[in-house]
Amino acid sequence: QDWQPVLAGLFLSLGLGFLLGWILYRLAGPILYQLGEKRLSIWQKTGAAACAVMHGGQDGQKFAAMLGLAWQMAGNLPSLGKQPRLMCAAAMGIGTLCGGRRIIQKTAVEMVKIDKSQGAAADLASAAALLVLSLLGLPVSTTHTKTASLAGCSAARCRKSVQLSVAGQMLSAWLLTFPLCGLLAWLLTHLLLALSQ
């Protein structure tokens, strides 16, 4: 029963992100496409800012959890020092360094090829999807939602523009995330408990 909101969030983020991206680009795409560079830039920044706010609303809990874990570890393991903020920042930074570039490459280069008008629409659509899902109290991944919105905006212009093989690879990786993260958490918990005794 505890897994139900997580699974609902996973599938709803993909479905709603894609649907809102498709609808928004079908309705506003031609208007965005005809805007001048300066006005389109304003819409891009607005969409990016809205997405950043919703990203904080959804993924901010991860940073809080990491900081809490680092604080606990620093208290229980004196050898780690008393710098939980640095430990948290290092863990998050290393994670972004390891995967951030590959995520951008996969989504914005290999899976879809979009222009600035589609990028602005995808930002606005993913922010709207994240707002709805947050109001429903569902934990979702902003990466999943944004990727689905990009695919929706791309498909709204041309259905064949989305590389389904790449999208399938990403979906498979996301589905494997749950059991692998559970196993990793179990192993790390046992390791840290052994170190603290």
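Counting of residues starts from 1 at the beginning of each chain's written sequence and follows it residue by residue. Note on the predicted model: pLDDT of at least 70 is required for a residue's local features to be given, and 80 or more for side-chain atom pairs to be given and counted; whole-chain, interface and lining totals, by contrast, use all residues. With hydrogens and water stripped out, all remaining heavy atoms of the structure feed into the side-chain values.

J.: In this structure, what is going on with the packing of helix α4 (residues 116–135) against helix α5 (residues 142–157)? I would like to understand it.
T.: When two helices pack together, their arrangement is given by the angle between the helix axes and by the axis-to-axis distance. Where helices are involved, their axes are fitted lines through C-alpha atoms of the stretch in contact, as for all axes, and angles between N-to-C directions lie from 0 to 180°. In DSSP terms, a helix is any run of H or I states spanning at least four residues, a strand is any run of E spanning at least two, and both are numbered starting from the N terminus. Between α4 and α5, whose axes approach to 8 Å, the crossing angle comes to 135 degrees. When the interaxial angle is binned, α4 and α5 end up oblique. Considering only the axes of α4 and α5, their crossing is right-handed. In this structure, α4 contributes Ser117, Gln118, Ala121, Ala122, Asp123, Ala125, Ser126, Ala129 and Leu130 to the contact, and α5 contributes Thr142, Thr145, Lys146, Ser149, Leu150, Cys153, Ser154 and Arg157. Each angle is binned into one of four classes, with values under 35 degrees roughly parallel, values over 145 roughly antiparallel, values of 65 to 115 roughly perpendicular, and all other values oblique. Crossing handedness follows the turn of the near helix against the far one: under a right angle anticlockwise gives a left-handed crossing, and clockwise gives a right-handed one. We call two residues in contact whenever any of their non-hydrogen atoms come within 4.5 Å of each other.

J.: Help me out: how do you make sense of the side chain of Asp123 in this one?
T.: Its location among the elements puts Asp123 in helix α4. The buried label applies to any residue whose accessible area, calculated with a 1.4 Å probe on protein chains only, is under 20% of its type's maximum; exposed applies above 50%, and partly exposed to all values in between. For Asp123, a relative accessible area of 11% corresponds to the buried category. Excluding residues that lie within four positions of it along the chain, Asp123 makes contacts with Gln44, Gly47, Ala48, Cys51 and Lys146.

J.: Explain α5 here, please?
T.: Since the α-helix advances by 3.6 residues per turn, residues separated by three or four positions end up pointing in the same direction. Expected span of a helix: the number of residues minus one, times 1.5 Å. Taking 1.5 Å of rise per residue, 16 residues should cover 22 Å, and α5 covers 23 Å from first to last C-alpha, within 8% of that figure. Counting of polar contacts relies on pairs of N or O atoms within 3.5 Å, with two restrictions inside protein: one atom must be capable of donating a hydrogen and the other of accepting it, and residues adjacent in sequence are counted only when both atoms are side-chain atoms. Capping the start of α5, Ser141 holds a side-chain oxygen 3.2 Å from the backbone nitrogen of Thr143, two or three residues further along.

J.: Quick question: what am I supposed to make of the pattern of salt bridges here?
T.: Pairing between side chains of opposite charge can happen when the charged atoms of each approach one another. Should a side-chain nitrogen of Lys or Arg be within 4 Å of a carboxyl oxygen of Asp or Glu, the pair is scored as a salt bridge. With the rule as written, the count across this model stands at 2 salt bridges. Across the pair Asp115 and Arg157 runs a salt bridge whose closest N-O atoms are separated by 2.6 Å. Of this pair, Asp115 sits in the loop between α3 (84–111) and α4 while Arg157 is found in helix α5, placing the two residues 42 residues apart along the sequence. You can call Asp115 partly exposed: its relative accessible area is 22%. By relative accessible area, which is 41% here, Arg157 ends up partly exposed. We note a salt bridge from Asp123 to Lys146, for which the minimum N-O separation is 2.5 Å. Placement of Asp123 in helix α4 and of Lys146 in helix α5 is noted, with a sequence separation of 23 residues between them.

J.: Teacher, can you tell me more about the packing of helix α1 (residues 4–34) against α4 here?
T.: Two elements in contact, α1 and α4, have axes separated by 8 Å at closest approach and are oriented at 140 degrees. Relative to α4, the element α1 is oriented oblique. Here the hand of the crossing between α1 and α4 comes out right-handed. Taking contact as the criterion, the partners of Leu12, Ser13, Leu16, Gly17, Leu20, Gly21, Leu24, Tyr25, Leu32 and Tyr33 in α1 are, on α4, Ser117, Gln118, Ala121, Leu124, Ala125, Ala128, Ala129, Val132 and Leu133. For this scheme, ten residues count as nonpolar: Ala, Val, Leu, Ile, Met, Phe, Trp, Tyr, Cys and Pro. Four count as charged, namely Asp, Glu, Lys and Arg, and the remainder, Gly too, count as polar. For the contact of α1 with α4, the per-class residue count stands at 14 nonpolar, 5 polar and no charged.

J.: What is the right way to look at the nonpolar core in this model?
T.: Nonpolar side chains tend toward joint burial in soluble globular proteins. Nonpolar cores are built from buried Ala, Val, Leu, Ile, Met, Phe, Trp, Tyr and Cys residues. Side-chain atoms within 4.5 Å join them into one set. Membership of the largest hydrophobic core comes to 20 residues, with the highest contact counts inside it found for Met111 and Val162. Secondary-structure elements contributing two or more residues to this core are α1, α4, α5 and α6 (164–196). Top element by residues in this core is α5. It accounts for 6 residues. Core analysis: the second largest hydrophobic core is formed by 6 residues, Ala127, Leu130, Leu133 and Val140 among them.

J.: What is the right way to look at the confidence of the model for the protein in this model?
T.: Reading fine detail from the predicted coordinates is not recommended where pLDDT is low. The predictor rates its confidence in each residue with pLDDT, a number between 0 and 100. Taken over all residues, the pLDDT of the protein has a mean of 79, while the share at 70 or more is 82%. Within the protein, α4 carries the highest mean pLDDT (89), whereas α3 carries the lowest (72).

J.: Help me understand a nonpolar patch on the surface in this model?
T.: Exposure above 30% relative accessible area and no salt bridge define the residues that can form patches, which grow by joining like charges within 9 Å and nonpolar side chains of Val, Leu, Ile, Met, Phe, Trp and Tyr within 5 Å. For the area figures, the Shrake-Rupley method with a 1.4 Å probe applies, and any residue is considered shielded solely by the protein chains shown. On the surface, a cluster of nonpolar side chains totalling about 510 Å² of accessible area is made up of Trp3, Leu7, Phe11, Leu171 and Leu175. Of all the elements in the fold, those that place two or more residues in the nonpolar patch are α1 and α6. Summarising the element assignment, Leu171 is placed in helix α6. The class for Leu171 is partly exposed, based on a relative accessible area of 36%.

J.: Just checking my understanding: could you explain the environment of Leu14 for this structure?
T.: Residue position: Leu14 is located in helix α1. Between the C-alpha atom of Leu14 and that of Thr142, which follows or precedes it by 128 residues, the distance is 9.9 Å. The residues touching Leu14, leaving out its near neighbours within four places in the chain, are His144, Ala148, Leu171 and Trp174.

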